[in-house]
Amino acid sequence: MIALITGASSGIGKELAKNLASRGFNLILVARRPERLREVKEQIAMFSDVKVKLICRDLSKAEQCVELYELVKRMNVDMVVNNAGFGLFGRFDQTELDRELEMIDTNIRAVHILTKLFLQDFRKRNYGFILNVASIAGFMAGPLMATYYASKNYVLQLTRAISEEVRHDGRNVYVGVLCPGPVDTDFNRVAGAQFAIGGASAAEIAEYAIEQMFRGKTVIVPRTEIKALAALSKAAPSRLMLMGTYFAQTARRGEPEDEKNENNE
């Protein structure tokens, strides 16, 4: 079994890689930073003898997403985890346009391209797993992180729709989406924000996500309090949710660093 994981150099992606390695999966790990990828490979080698292939690509560039697919399509990949992504904090009229477009390309376009290309292969083989990483942000609008929240809405709803198409096909293919809440990763540092509530460990999220994926769960929401927030987002008046999200976001502070994160919230 071979699993391809994007954004694998840190955070949830790294922990997913380690967890899958412990289950005997050979890995293809994708990120921009080769030194970080090598560190992950070395950590995995300490407890597992699975094969680990490292690929450096910038998935904010559509052509590099296609290059990645072309590079691995004959390797009979069994699982794809679209985890690469990052956030940006600030008023919509004040955040940097180029940075937002880069985020849209990473959070949306890369997921769209890789999901489509690998799903076509998995349907032909009648086997495969695709797990897209969204966020609890995908259930709501997010003042002060408007573009990030919107990007995760796209990932969540796209994945749900594709999953239903696959279900009607009767294919032995899984398509699901992970929607974590705050996670203790580099996300805050890159987004220029701090969470108002404590985050779960990336290892905890990874373990839960993989267990639920193998059980066939389409929308995976770890932690009881985050499940409650997802339910509230559906039941509460939208105006109330907007106000609540705005005031929660105002608790965040900091300045974004000039680098792209490989993690999701």
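For the structure itself, consult the block above.
Counting from 1, residues in each chain are numbered in the order their sequence is written. Under the rules for a predicted model, residues below a pLDDT of 70 receive no local features and side-chain atom pairs below 80 are neither given nor counted, while totals for whole chains, interfaces and linings still include all residues. As a rule here, side-chain values cover all heavy atoms of the structure and leave hydrogens and water aside.

Topic: the overall build of the protein
Think of it this way: any DSSP run of H or I at least four residues long counts as a helix, any run of E at least two long counts as a strand, and we number them from the N terminus. In terms of regular secondary structure, the protein is built from nine helices and seven strands. Of all 265 residues assigned to the protein, the portion counted as buried reaches 54%. Contacts are assigned to residue pairs that have any heavy atoms within 4.5 Å of one another. Partitioning the intrachain contacts of the protein with sequence separation of at least 6 by distance along the chain shows that 73% fall at a separation of at least 24. A 1.4 Å probe and the Shrake-Rupley method give the accessible areas. Residues count as covered only by the protein chains that appear here. Entry remark: accessible area of the protein is about 11800 Å², with carbon and sulfur atoms responsible for 51%. For the exposure calls, accessible area comes from a 1.4 Å probe over protein chains only, and a residue counts as buried if that area is under 20% of its type's maximum, exposed if over 50%, partly exposed in between.

Concerning the pattern of salt bridges
By definition here, a salt bridge exists when the distance from a side-chain nitrogen of Lys or Arg to a carboxyl oxygen of Asp or Glu is within 4 Å. Scanning all chains against the criterion turns up eleven salt bridges. Of the charged contacts, one joins glutamate 70 and lysine 73 as a salt bridge, the two residues approaching to 2.9 Å between their closest N and O atoms. In this structure, the salt-bridge partner of aspartate 93 is arginine 91, at a minimum N-O distance of 3.1 Å. Here aspartate 93 falls in the exposed class, since its relative accessible area comes to 55%.

Thoughts on the nonpolar core
The criterion is simple. A nonpolar core is a set of buried Ala, Val, Leu, Ile, Met, Phe, Trp, Tyr and Cys residues joined through side-chain atoms within 4.5 Å. Ile5, Leu27, Leu29 and Ile44 are the most contacted members of the largest nonpolar core, which totals 33 residues. Contributing elements (two or more residues each) for this core: strand 1 (2-6), helix 1 (11-22), strand 2 (26-31), helix 2 (34-45), strand 4 (79-82), strand 5 (128-133), strand 6 (173-178) and helix 7 (202-214). Per-element tally for this core: the top contributor is helix 7, with six residues. Membership of the second largest hydrophobic core comes to 25 residues, among which are Val30, Ala84, Ile162 and Val173.

So, the side chain of aspartate 78
Relative to the helices and strands, aspartate 78 resides in the loop between helix 3 (62-72) and strand 4. Non-local contacts of aspartate 78, meaning those with residues more than four positions away in its chain, are made with Met1, Ile2, Phe122, Arg125, Tyr127, Gly128 and Phe129.

Let's talk about the packing of helix 4 (residues 97-125) against helix 5 (residues 146-169)
To obtain an axis, a line is fitted to C-alpha atoms, over the contacting stretch when the element is a helix, and the angle between two such axes runs from 0 to 180 degrees between their N-to-C directions. It is at 9 Å that the axes of helix 4 and helix 5 come closest, and there the two elements cross at 10°. Classified by the angle between their axes, helix 4 and helix 5 sit roughly parallel to one another. Residues Glu100, Met103, Ile104, Asn107, Ile108, Val111, His112, Thr115, Leu119 and Arg123 of helix 4 form the contact with helix 5, whose participating residues are Thr147, Tyr148, Ser151, Lys152, Tyr154, Val155, Leu158, Ile162, Val166 and Asp169. All amino acids are sorted into three groups, where Ala, Val, Leu, Ile, Met, Phe, Trp, Tyr, Cys and Pro are nonpolar, Asp, Glu, Lys and Arg are charged, and the leftover types, Gly among them, are polar. Residues that form the contact of helix 4 with helix 5 fall into these classes: eleven nonpolar, five polar and four charged. The scheme is simple: roughly parallel for angles under 35 degrees, roughly antiparallel for over 145, roughly perpendicular for 65 to 115, oblique for anything else.

Concerning the pairing of strand 5
Counted residue by residue, strand 5 has six buried out of six residues, so it is predominantly covered. At least two DSSP bridges between two strands are needed for those strands to be called paired. Relative to strand 5, strand 4 runs parallel, the two sharing four bridges. By the bridge assignment for strand 5, methionine 79 is matched with phenylalanine 129.

Section: the pairing of strand 4
Of the two faces of strand 4, both are covered, the one formed by Met79 and Val81 as well as the one formed by Val80 and Asn82. Of the pairings in the sheet, the one linking strand 1 to strand 4 comprises three bridges and is parallel in character. By the bridge assignment, isoleucine 5 is partnered in strand 4 with valine 81. With helix 4 bridging strand 4 and the parallel strand 5, this β-α-β connection has right-handed handedness. By convention, a crossover is right-handed whenever its connection, traced from the first strand over the helix to the second and viewed with the strands pointing away, goes clockwise.

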